[in-house]
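Coordinate inspection notes
What follows is each chain in one-letter form.
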Amino acid sequence: MKSDTKYLIERAKQNERLAQKELYEAYASSLLSVCRLYINDLHFAEDVLLRAFFKIFTHLKDYQEQEHLYAWMRRIVVNEAIDFLRSKSQKVMYLDWENSYDDVEEISCEQLFEQEYLQAFIDELPSGCKMVFNLYVFEEYSHKEIAEELGISEGTSKSQLAYSKKLLREKLTNKKYHYAK
C-alpha cells in the first residue's frame, strides 16, 4: 500500500474530517457504480453509498492493512445494497425453474457488446435474479455463498442465475435483431 494512502487511512481512523473527505472523493464514484449494479434508482443508490461510507468510517478501525482497501470497502457497499433491497420489501418469490440452469450455456463475449445496454438490461431483471446475477458475476460469490447471503437454496441460486442469463440473452438477441433490420 502506498505510504500516502496508508497515512490517509491513519488520519481517517482518527476521525480527521479532511482525510475522510479525501477517501470519499477517491472512491465514491467507483463504489457508486457498485451500488448501481444492485439498485436501479440513482437516488436510492446514492443513499446506500452514503450509508455505506458511514459504516466504512465507523469501522475503519477494524480495517486490516493487509487487506486491499477497495475490496474491503466494496464488500461493505455490497452488503449495504443487499440490506437496502431487503428493507424495501423487494422480496421476490424464488422459484426453481426445474433445474433449467443445466441447459443454459454461458453468455458469450460477443453478446456483451454495448455496456450501457447491458446495464439497462440488468436493471430490468427481477430483483431476485438481479441480486444473484450481480453476486455471482461481479462479486464472484459461489452459489453456496449466495445461498447463505440471501437465505435461499443453492439450487435456487443456480436457477436464478440461469434465468437471468436467459433473460439477458433474449434481450441481447432482440437488440441485435433490431440493429440488423
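Residues numbered from 1 in each chain as written. Predicted model: local features only at pLDDT ≥ 70, side-chain atom pairs only at ≥ 80, totals over all residues. Heavy atoms only, no water.

With respect to the overall build of the chain
How we decide: By definition, any uninterrupted DSSP run of H or I lasting at least four residues is a helix, any uninterrupted run of E lasting at least two residues is a strand, and each is numbered from the N terminus. Relative accessible area decides the class of each residue, using a 1.4 Å probe on protein chains only: under 20% of the type maximum gives buried, over 50% gives exposed, and in between gives partly exposed. For this analysis, residues touch if any pair of their heavy atoms sits within 4.5 Å. Each accessible area is a Shrake-Rupley estimate made with a 1.4 Å probe; only the visible protein chains count as cover when residues are assessed.
In terms of helices and strands, the chain carries 8 helices and 0 strands. Of all 181 residues assigned to the chain, the portion counted as buried reaches 40%. The contacts in the chain between residues at least 6 apart in sequence include a share of 73% that link residues at least 24 apart. Split by element, the accessible area of the chain, about 10,700 Å² in all, is 51% carbon and sulfur.

As for a nonpolar patch on the surface
Where we set the bar: Patches were defined on residues exceeding 30% relative accessible area and lacking a salt bridge, with like-charge contacts within 9 Å and nonpolar side-chain contacts (Val, Leu, Ile, Met, Phe, Trp, Tyr) within 5 Å. Basic side-chain nitrogens of Lys or Arg form a salt bridge, by our definition, when they fall within 4 Å of a carboxyl oxygen of Asp or Glu.
Nonpolar side chains collect at one region of the surface, where Tyr136, Val137 and Phe138 lie side by side and expose about 220 Å² of accessible area between them. With respect to the helices, strands and loops of the structure, Val137 is situated in helix H6 (residues 127–137). A relative accessible area of 35% places Val137 in the partly exposed class.

Description of the side chain of Ser164
Inspection of the secondary structure puts Ser164 in helix H8 (residues 154–180). Ser164 sits in the buried class, given a relative accessible area of 0%. Look past the residues within four positions of Ser164 in its chain and what remains in contact with it is Leu125, Cys129, Lys130 and Phe133.

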